[in-house]
Amino acid sequence: MKMAAPGLRHGMRRLLEVSAALGRVCRAYSTSQAFAEVLRLPRRQLTKLVYPLQDLEQHLAPDARSDLCLRVFDPSLEDLARAESFFTASPRNRIEYLSSAVRLDHAPDLPRPEVCFIGRSNVGKSSLIKALFSLAPEVEVRVSQKPGHTKKMNFFKVGKYFTLVDMPGYGYRAPEDFVDMVETYLKERRNLKRTFLLVDSVVGITKTDNIAIEMCEEFALPYVMVLTKTDKSSKGHLLKQVLQIQKFVNMQTQGCFPQLFPVSAVTHSGIHLLKCFIANITGNLDSQLPV
Ligand SMILES: Nc1nc2c(ncn2[C@@H]2O[C@H](COP(=O)(O)OP(=O)(O)OP(=O)(O)O)[C@@H](O)[C@H]2O)c(=O)[nH]1
Ligand SMILES: [Mg+2]
């Protein structure tokens, strides 16, 4: 019998590792159908979908790899499967739109931990929330090609676990009362655990983004940078933008989480990891991961 070529042997070992992981995850949790399908993907596709920064890292020269913070938050496939369950609607886990508010004192009074999504008009905030809720298809999240579509703060309840808030965008066609509404919310919302600041990965950090970054820094908010629309760029362009934004975060910010979260609402790349991060920072993962 012929020996398998080294590359093939390596490939087979990987495949065995993946099926072992799949077995472990499925035994540990009643893994949702959708995530079980993700786990069945070939390794490279799985990495691209679930750990997009690790996928990009493979294309970096060895000396540039240390620039990228990609394992500060490094959950296992088991952690990801657990996080999926919070985002899966069922009669026992109701995921629903709660209410909208234009002023903080109109916001629902909820004891649960909250996270919010801010960013320029059209950057993809509502689309991202819609992608996070893909396993809760009854929740309606409105997206539009026209910038300035979301005019109010929209509150969504995720079971008994946490609340997500979709914000109006800043910049072009922002609502007039934007500053009062959003600044007051960010400054005073007591149960706000983390702010996700969305930046368009095609364009990079703009002047308008800088104003929002300065605001987060000034209020000493813990925030996380999410890079949207990663499906629109070539790998090379995306890599260039990611490295530039990473450099900015390393050199010029205090309150920003060091690891970037590239996502696509179209391919769902990075969405599972972000769900897991949200479950973790709201204190809902059994094994709290260091962040
Ligand atoms: N290709 C691609 N298009 C996206 C993605 N996310 C959003 N878009 C598109 O970008 C446009 C704006 O998306 P929204 O989600 O409404 O943006 P928003 O940040 O909520 O905008 P405002 O509510 O106006 O502040 C829509 O045409 C979306 O289809 C993505 O990941 N990939
Ligand atoms: Mg919107």
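No experiment lies behind these values; they were computed from the predicted model shown.

## Section: the overall build of the protein chain
The number of helices and strands found in the protein chain is 10 helices and seven strands. The proportion of buried residues among the 291 residues of the protein chain is 53%. Long-range contacts, defined here as pairs at least 24 residues apart, represent 73% of the contacts in the protein chain between residues at least 6 apart.

## What about the site of ligand 1?
The full set close to ligand 1 counts 23 residues, and Lys-125, Ser-127, Gly-148, His-149 and Thr-150 are the nearest of them. Measuring from an oxygen atom of ligand 1, one finds a side-chain N or O atom of Ser-127 at 2.6 Å. Within the contact set of ligand 1, an oxygen atom lies 2.8 Å away from a backbone nitrogen or oxygen of Ala-265. For ligand 1, whose accessible area on its own is 650 Å², the fraction buried by protein is 86%.

## Here we look at the nonpolar core
Core analysis: the largest hydrophobic core is formed by 46 residues, its most contacted members being Phe-117, Phe-133, Leu-164, Phe-196 and Ile-278. Considering each element in turn, this core owes the most residues, eight residues, to helix α10 (residues 271-281). Excluding residues that lie within four positions of it along the chain, Phe-133 makes contacts with Phe-87, Ile-95, Val-139, Val-141, Phe-156, Val-158 and Leu-164. In terms of nonpolar packing, the next biggest core, distinct from the first, is built from 41 residues, Leu-104, Tyr-170, Leu-197 and Ile-245 among them.

## Concerning the packing of aromatic side chains
Per the stated rule, a full pass over the model turns up 12 aromatic pairs. Measuring from centroid to centroid gives 6.1 Å for Phe-196 and Phe-277, while their planes differ by 80 degrees, and the two rings are edge-to-face. In this pair, Phe-196 is assigned in strand β5 (residues 192-200) and Phe-277 in helix α10, connecting sequence segments 81 residues apart. Both residues of the pair, Phe-196 and Phe-277, belong to the buried class. By the ring-pair criterion, three or more aromatic residues cluster together here, those being Phe-73, Phe-117, Phe-196, Phe-257, Phe-261 and Phe-277.

## A word on the packing of helix α5 (residues 77-86) against α10
Where α5 contacts α10, the axes come no closer than 8 Å and their chain directions differ by 80 degrees. Here α10 runs roughly perpendicular to α5, going by the angle between their axes. Residues Asp-79, Leu-80, Ala-83, Glu-84 and Phe-86 of α5 pack against His-272, Leu-273, Lys-275, Cys-276 and Ala-279 of α10. In terms of residue class, the contact of α5 with α10 is built from six nonpolar, one polar and three charged.

## Focus on the environment of Asn-284
Residue position: Asn-284 is located in the segment after α10. The spatial distance from the C-alpha of Asn-284 to the C-alpha of Val-38 is 22 Å, given a sequence separation of 246 residues. Residues in contact with Asn-284, not counting those within four places in the same chain, are Phe-86, Tyr-161, Phe-162 and Ala-279. Only 2.9 Å separates the side chain of Asn-284 from the side chain of Thr-282, close enough to count as a polar contact.

## Looking at the confidence of the model for the protein chain
The predicted model of the protein chain has a mean per-residue pLDDT of 88, with 86% of residues at 70 or higher. The low-confidence segment residues 1-8, where pLDDT is below 50, has two contacts with residues more than four positions distant or belonging to other chains. The complex prediction reports pTM at 0.90, with the ipTM value standing at 0.99.

## Some remarks on the pairing of strand β6 (residues 223-228)
Across the six residues of β6, six count as buried, placing the element largely inside the fold. Residues Tyr-223, Met-225 and Leu-227 point to one face of β6 and Val-224, Val-226 and Thr-228 to the other, with burial holding for every one of them. By the bridge criterion, six bridges tie β5 to β6 in an arrangement that is parallel. If you follow Asp-200 over to β6, its bridge partner there is Thr-228. For the segment spanning β5, helix α8 (residues 207-218) and β6, crossover handedness is right-handed. When β6 meets strand β7 (residues 261-262), the two strands line up parallel, connected through two bridges. Residue pairing across strands places Val-226 opposite Phe-261, the latter belonging to β7.

## A few points about the pattern of salt bridges
Side-chain pairs of opposite charge can arise where the charged atoms are in close proximity. Applying the stated criterion to the full structure yields nine salt bridges. One salt bridge connects Arg-189 with Glu-114, and the closest N-O pair in it is separated by 2.8 Å. On the criterion of sequence distance, the pair formed by Arg-189 in the loop between α7 (178-188) and β5 and Glu-114 in strand β2 (residues 114-119) is long-range, its members being 75 residues apart. When sorted by exposure, Arg-189 lands in the same class as Glu-114, which is buried. Between Arg-120 and Asp-209 there is a salt bridge, and its shortest N-O distance comes to 3.6 Å. Separated by 89 residues along the polypeptide, Arg-120 in the loop between β2 and α6 (125-132) and Asp-209 in helix α8 bring together distant segments of the chain. You can call Arg-120 buried: its relative accessible area is 18%.

Criteria and cut-off values
Residues numbered from 1 in each chain as written. Chains lettered and ligands numbered in written order. Predicted model: local features only at pLDDT ≥ 70, side-chain atom pairs only at ≥ 80, totals over all residues. Heavy atoms only, no water. Helix = DSSP H or I, 4+ residues; strand = E, 2+ residues; numbered from the N terminus. Buried < 20%, exposed > 50% of the residue type's maximum accessible area, 1.4 Å probe, protein only. Contact = heavy atoms within 4.5 Å. Near = heavy atom within 4 Å. Polar contact = N/O pair within 3.5 Å; in protein donor to acceptor, adjacent residues only side chain to side chain. Areas by Shrake-Rupley, 256 points an atom, 1.4 Å probe, with all protein chains shown as cover. Core = buried A, V, L, I, M, F, W, Y, C linked by side-chain atoms within 4.5 Å. Phe/Tyr/Trp six-rings, centres within 6.5 Å; stacked < 30°, edge-to-face > 60°. Axes fitted to C-alpha atoms, helices over the stretch in contact; angles between N-to-C directions. Parallel < 35°, antiparallel > 145°, perpendicular 65-115°, else oblique. Nonpolar A, V, L, I, M, F, W, Y, C, P; charged D, E, K, R; others polar. pLDDT = per-residue confidence, 0-100. Pairing = 2+ DSSP bridges. Right-handed = clockwise from strand over helix to strand, strands pointing away. Salt bridge = Lys/Arg side-chain N within 4 Å of Asp/Glu carboxyl O.

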